[in-house]
Amino acid sequence: MLDTPVLTAQDFKSDIKPIWCPGCGDYSVLTALAKACAELARPRESIALISGIGCSSRLPAYTSVYGFHGLHGRALALAAGVKLARPDLTVIAAGGDGDGLSIGGNHFLHACRRNVDMTYILMDNQVYGMTKGQASPTTAPDWCESKLTPEGTGISPVAPLLLALAAGVNFFARGFAGNPNDLARLIVAGINHPGFSIIHVLSPCVTFRAEQRAWKQAVHASDAAAPATLQTEALTRFAADDGFTTGILFAGSKPPFMPPRHAVRTAADFERDYEIACKSDSPSIGVSHLSAGPGRRGVTLPKSAIDLFNNATA
Amino acid sequence: MNNISRIVVCDGNEAAAWGVKLSRPDVVAVYPITPQSSLVEYLSKFIADGELDAELMNVEGEHSVLSALQGACLAGARTYTATSGPGLAFMFEPYVRTPGLRLPMVASLVNRDMLSPQCVWGGQQDVMTVRDAGWIHMFCESAQEVLDTVIMAYRIAEHPEVMLPVNVNHDGNYLSYGVSRVEIPSQPVVDAFLGDKNVNWHAALDPDRPMAVDPLTGGADAEGAARFVAYRQSLCRGMQNALEVITDVHAAWRCASGRAFAPLVEEYRLEDAEIALVTIGSMSGAAKDAVDAARAAGIAAGVIRIKTFRPFPVEAVARAAGKVRALGVVDRAVSYGWNCGPVCQEVQGALYRTGRAIPVLSFIGGLAGADLTGAHFTRAIEATRQALATPPEALAPAPVWLNARDEGVLR
Ligand SMILES: Cc1ncc(C[n+]2csc(CCOP(=O)(O)OP(=O)(O)O)c2C)c(N)n1
Ligand code: SF4
Ligand SMILES: [Mg+2]
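Residues numbered from 1 in each chain as written. Chains lettered and ligands numbered in written order. Predicted model: local features only at pLDDT ≥ 70, side-chain atom pairs only at ≥ 80, totals over all residues.

Side note on the site of ligand 2
And then number 1: As a structural note, the neighbourhood of ligand 2 is formed by A:Trp20, A:Cys21, A:Cys24, A:Asp26, A:Cys55, A:Asn125, A:Gly129, A:Cys205, A:Val206, A:Thr207 and A:Phe208.
And then number 2: When the residues that make up the shell around ligand 2 are grouped by side-chain class, the tally is 7 nonpolar, 3 polar and 1 charged. (Near = placed C-beta within 6 Å. Nonpolar A, V, L, I, M, F, W, Y, C, P; charged D, E, K, R; others polar.)

Put into structure tokens, the structure is as follows:
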């Protein structure tokens, strides 16, 4: 066995000092993530953390795993690309409610549908923190503190849990930044669960939503004996959820997305086809049936190859 | 004077918001981004306070912002939005369709440098990247000019001989947040100046003339392509017409407001100048100070400031450049592949009209919000003077990078 050093949570933090406001919930998310990585005992270079843009999306710089600070709203698309190119990596995407549900809302739906084996840490403070306090899709319609919407948005907020369930998410947990140990446990569970998992973190913005300090009193652990495992069951159970239920709320069993793998055709395959075509009286299995575009096994034959075969049988 | 309602001290973002409010748009759509955010927050305050009667749509991203405004404009509304850097990039798909649709929109670009590397600071790489999309581009030097240009932009955009969208550019950080004295024109002056709203006479929802806008123009056959070319030609005509319209509108605004701005190109101390710096945007103030200092020291330098960048005022630039024997062009963006700044590249194109191949130096500075100080311009003047003695073909084919690590060394 290889003698790999045991990494502590601290080893998963970089030496860059976060520039979040003192008291920001995102500090605890960083702590929880580092703890989760230590618990998973994976080498740093086997983890990739991809974010969008926002205060929350600064996360990768503060960890010591592979990190990429992407475009606003595109973390999930980018993370899926990383995972498809390197299925061996543990891929984590992270970002805020604006990043993931506003400008990147479409990717949220399709990531749930596609079910690539990766974990999304959605740091929800119901505000665009980085651009100084505008309403996000999770903001209550009557929140009037934003200078952009001084009379409130007047439009109904999105419930990430219900949205994710409706789009076919495979795992959904909710944690609170004020409880980093519990949050670390949820992150580990999400990473270990095959397919796409969402860790929805209530992470207060103490600067633009000081009232979120009271979330400590609002959060409550799910009283269900076990997570829901069927989409319909979860939708019924959480139809009237107050948004503060924490724990693993849904754990489905859809198989993770596997890109269709086509057998690569070798020269021997082509030779065999050629032989069959020459011997066969029946054109139905002959190469005269070859045409441009993806073939049965998804192999696209170059025009020259088709001409070669078709001429050979002519 | 009653053409001014009040005098305030405000930053360029607030000045833009005042210009918009006075122009009475019907629909404003936004997505916040640094350094634009406060601009639209001022507008939403005007709306909340009942001072501006407009719909403000707070949508989920810039792609939706401009799409929503295209809908509003097609339905006959006067529209406004503002964005910066990455926001403009995300807006690109509807952005490139707007000129072809001949929608007379006005939008502020609060200029920001482009990623990567990550950067939230000022720079003009955002606008320079879209310079050939078909929008009119004007660049402001002061908060007052921002306010006045926003108002003028509506009259230019909606002019029947133009009918093109206008971007009013103001530099992020220096203009967006820098405060100065600003005169607010009175509402009746602006109302009279803009006249009756007739934003979209060519494609507005009209019960007498229902039509499907922008169906497929035709196949790749000769007729389809020819029709497509006809649209392109008409867009080019609108752009070229804009040169005269912009000039006329500035003259009319001077009468209405009492304030004069050069419409296309501003010539500063160019009479008897040996060399000139070419500038664009907020850097021009520091360049003029450096020129004043140089003049005091007996150096015959001047400034050519580009106000209108699209349509590019080829004749006006050639005329101004024709007065000097060497140019130093200062850009806050890069033209990759030309290894110089975009303004420098275009000025060289205009120089061809003069038939004189004078030395032109490219200076690139003010990237990522870096300050372009009087000292930078003083050194640029010095380097341009030295180039006087150098034949153009012997000049280094590389830009002089200001604010670089080795900035002490001017090659
Ligand atoms: C295309 C684009 N539009 C706008 C922005 C400006 N912007 C940066 S972060 C942000 C919102 C951040 O909100 P959220 O994702 O909730 O993160 P938080 O700061 O609250 O953690 C916005 C609008 C941008 N960077 N790129
Ligand atoms: S603005 Fe809000 S979200 Fe951003 S760092 Fe400060 S507290 Fe955190
Ligand atoms: Mg947020």
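That shown, we press on.
Some details on the site of ligand 1
And then number 1: As a matter of local geometry, ligand 1 sits amid 26 residues, with A:Gly54, A:Gly96, A:Gly98, A:Asp99 and A:Gly129 nearest to it.
And then number 2: With respect to ligand 1, its neighbouring residues span chains A and B.
And then number 3: Listed by contribution, the elements that provide at least two residues to the shell around ligand 1 are strand S3 (90-96) and helix H3 (97-103) of chain A together with helix H4 (85-90) of chain B.
And then number 4: Each residue belonging to the shell around ligand 1 can be placed in one class, and the counts come to 12 nonpolar, 11 polar and 3 charged. (Helix = DSSP H or I, 4+ residues; strand = E, 2+ residues; numbered from the N terminus.)

As for the domain arrangement of chain B
Residues and elements named next belong to chain B.
And then number 1: As far as domains go, chain B holds domain 1 (4-204 + 235-257) and domain 2 (265-401).
And then number 2: Taking only C-alpha atoms into account, the centre of domain 1 sits 27 Å from that of domain 2.
And then number 3: Across the boundary between the two partners, domain 1 contributes 26 residues, which contact 21 residues of domain 2.
And then number 4: It is helix H9 (residues 222-257) that contributes the most residues to the side of domain 1 that touches domain 2, 5 residues altogether. (Domains from an automatic or database assignment. Contact = placed C-beta atoms within 7 Å.)

Focus: unusual backbone geometry
And then number 1: Of note, the amide linkage connecting B:Thr34 to B:Pro35 takes the cis form, showing an omega dihedral of 0°.
And then number 2: Tracing the backbone shows B:Pro35 in the loop between strand S2 (27-30) and helix H2 (37-48).
And then number 3: Cis rather than trans, the peptide bond between B:Ser116 and B:Pro117 has omega equal to 0°.
And then number 4: Along the chain, the position of B:Pro117 falls in the loop between strand S5 (106-111) and helix H6 (125-129).
And then number 5: Positive phi, close to 65°, is recorded for A:Asn115, a residue that is not glycine.

Quick look at the sheet that holds strand S7 (residues 220-221) of chain A
All names here are of chain A.
And then number 1: Taken in spatial order, the 8 strands make up an open sheet running S2-S1-S3-S4-S6-S5-S8-S7, and their pairing is mixed. One side of each edge strand has no neighbouring strand; the edge strands of this open sheet are strand S2 (66-69) and S7.
And then number 2: The strands touched by helix H2 (residues 75-85) within the sheet are strand S1 (47-51), S2, S3 and strand S4 (119-124), with S3 carrying the most contacts at an inclination of about 175°. (Pairing = 2+ DSSP bridges. Axes fitted to C-alpha atoms, helices over the stretch in contact; angles between N-to-C directions.)

Some thoughts on the interface of chain B and chain A
And then number 1: Taken residue by residue, the interface counts 14 residues in chain B and 18 residues in chain A.
And then number 2: The biggest single contributor to the side of chain B that touches chain A is H2(B), with 6 residues.
And then number 3: When its residues are assigned to classes, the side of chain B that touches chain A shows 5 nonpolar, 6 polar and 3 charged.

Some points on helix H4 (residues 105-114) of chain A
Residue and element names in this part refer to chain A.
And then number 1: Regarding H4, the residues found buried are His107, Phe108, Ala111 and Cys112. In a view along the axis of H4, the buried residues occupy a sector of 135°, so they form one face of it.
And then number 2: Against the buried residues of H4 lie H2, H3, S4 and helix H5 (160-166).
And then number 3: Looking one or two places after H4, you find Asn115, whose phi comes out positive at around 65°. (Buried ≥ 20, exposed ≤ 12 C-beta atoms within 10 Å, placed from the backbone. Arc of directions from axis to C-beta.)

A few points about the packing of helix H7 (residues 143-157) of chain B against helix H8 (residues 187-194) of chain B
All names here are of chain B.
And then number 1: Taken N-terminus to C-terminus, the directions of H7 and H8 make an angle of 25°; their axes are 10 Å apart at the nearest point. Considered as vectors, H7 and H8 are oriented roughly parallel to each other. Where H7 crosses over H8, the handedness of that crossing is right-handed. Each of Ile151, Tyr154 and Arg155 in H7 lies in contact with H8, whose residues at this interface are Val190, Phe193 and Leu194.
And then number 2: By residue class, the composition of the contact of H7 with H8 is 5 nonpolar, no polar and 1 charged. (Parallel < 35°, antiparallel > 145°, perpendicular 65-115°, else oblique. Left-handed = near helix turned anticlockwise from the far one by under 90°.)

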